[in-house]
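# Inside the fold
One letter stands for each residue in the lines below.
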Amino acid sequence: MTQRLRIATWNLEHPKPKSPKKTPAVLDQIQTINADVWILTETNNLAVDLSQKGYFKFSSIEYQDKRLEQNAYTTIWSRIQAPTEMLKTFDPILAVCIKVNLQGYNLLIYGTIITWHGDRGIDGKSKNWEEHYQSIEQHGNDWEHLAKTYPDCKVITAGDFNQARDGSRWYGTQKGIALLTHELKRNNLVCLTDEVKPKERHNIDHICVTYELQPYCQVGFWENISDSNVTMSDHNGVFVDVELQA
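Summary of the structure given here. Just so you know, these numbers come straight off a predicted model, no measurement behind them.

Parameters at a glance
Residues numbered from 1 in each chain as written. Predicted model: local features only at pLDDT ≥ 70, side-chain atom pairs only at ≥ 80, totals over all residues. Heavy atoms only, no water. Helix = DSSP H or I, 4+ residues; strand = E, 2+ residues; numbered from the N terminus. Polar contact = N/O pair within 3.5 Å; in protein donor to acceptor, adjacent residues only side chain to side chain. Expected span 1.5 Å × (residues − 1). Buried < 20%, exposed > 50% of the residue type's maximum accessible area, 1.4 Å probe, protein only. Arc of directions from axis to C-beta. Contact = heavy atoms within 4.5 Å. Salt bridge = Lys/Arg side-chain N within 4 Å of Asp/Glu carboxyl O. 1 Å grid on protein atoms, 1.4 Å probe; cavity = no way out; pocket = protein on both sides within 12 Å on 5 of 7 lines; lining within 4 Å. Points joined across faces, edges and corners; volume = space filled by probe spheres on them. Nonpolar A, V, L, I, M, F, W, Y, C, P; charged D, E, K, R; others polar.

## Some details on the side chain of Asn11
Mapping Asn11 onto the fold places it in strand E1 (residues 2-11). At 2.9 Å, the side chain of Asn11 and the backbone nitrogen of Glu13 are in polar contact.

This is the structure in structure tokens:
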């Protein structure tokens, strides 16, 4: 007996609750993809509230921006009907991790943003990509810590990684790509979305899983422009179907 688990991630570019076109189009797309777990980045938990659709919310620290409440860099929405525990991460502003047991599998589902090239750091003096490289190492150390703390768990990590890994050099640096590849490898993780190539833009949102899960995964994506020609975000989205073997 197998059970399919669909996990999707999407950077929503800060949706607004009263947006007449963009936010309704986003919600329609979310319904179409019908994921069991959503990892949404640059989201707003008031505009995109999935609690009425049977999902439970696990959010990074919410903040106010431009008089808009309930912004969050990362929110996991899960409709898995199983005991779920929210775990501590290295950065509660960016990263969210939940632990669930499903079909006999203990899973750590980790959502995050690896910071962008122009992040100037706390002192405002960091050079382009410097904070990105540091963020990759911090994430690698966090994945390692969680895996050692919960050795019986398979890991799924996803979000906006701010690098195209398709060989195009569209966004990111060779150093950054190599650093992330190294951190994934040493944590027994493989990126499933390297070769996703939407028509409108290159993919920088990724889903990575423990190597043992890779043979049971199928990848899909959707464009950032809706069928009715509404630009929903400046990112496309990606999903992975995982067939959990009983």
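Once you've had a look at it, read on.
## What to know about helix H1 (residues 22-33)
Taking 1.5 Å per residue, 12 residues should reach 16 Å; H1 reaches 17 Å between its end C-alpha atoms and fits that length. Where H1 is concerned, the buried positions are Lys22, Thr23, Ala25, Val26, Gln29, Ile30 and Ile33. Burial along H1 is one-sided: seen end-on, the buried residues are contained in an arc of 160°. Away from its buried face, by an angle of more than 90 degrees, H1 presents the exposed residues Gln31 and Thr32. Where the residues of H1 are buried, they touch E1, strand E2 (37-44), strand E12 (217-222) and strand E13 (237-245). Downstream of H1 by a residue or two, Asn34 has a phi angle that is positive, lying close to 60°.

## Observations regarding the pattern of salt bridges
Pairing of side chains with opposite charge becomes possible as their charged atoms draw close. Overall, the coordinates contain 10 salt bridges when judged by the stated rule. The shortest N-O distance in the salt bridge between Arg165 and Asp194 comes to 2.8 Å. Note that Arg165 is positioned in the loop between strand E9 (153-160) and helix H3 (174-186) and Asp194 in the loop between strand E10 (189-191) and strand E11 (205-210), a separation of 29 residues in sequence. A relative accessible area of 11% means that Arg165 is categorised as buried.

## A word on H3
Look at H3: 18 Å from first C-alpha to last across 13 residues, which is about the 18 Å you get at 1.5 Å a residue. Within the sequence span of H3, burial applies to Gly176, Leu179, Leu180, Glu183 and Leu184. Projected down its long axis, H3 shows its buried positions confined to an angular sector of 130°, all on one face. Across H3 from its buried face, at more than 90 degrees, point the exposed residues Lys175 and Lys185. At its buried positions, H3 is contacted by helix H2 (130-149), E10 and E11. One or two residues past the end of H3 sits Asn188, with phi positive at roughly 60°.

## Some remarks on the layout of surface pockets
If you add up the space inside the largest pocket, you get close to 630 Å³. Lining the largest pocket are 25 residues; nearest its centre among them are Leu94, Ile113, Thr115, Trp116 and Asp119. Grouping the amino acids of the lining of the largest pocket by side-chain chemistry returns nine nonpolar, nine polar and seven charged. For the second largest pocket, the calculated volume is near 210 Å³. Lining the second largest pocket are His14, Lys16, Pro17, Lys18, Asp65, Lys66, Leu68 and Asn71.

## Concerning unusual backbone geometry
With a phi angle near 60°, Asn34 is a residue other than glycine that sits in the positive phi range. Classification of Asn34 as partly exposed rests on a relative accessible area of 36%. Look at Arg169: it is not a glycine, yet its phi comes out positive at around 60°. Tracing the sequence through the fold places Arg169 in the loop between E9 and H3. Owing to a relative accessible area of 62%, Arg169 belongs among the exposed residues under this scheme.

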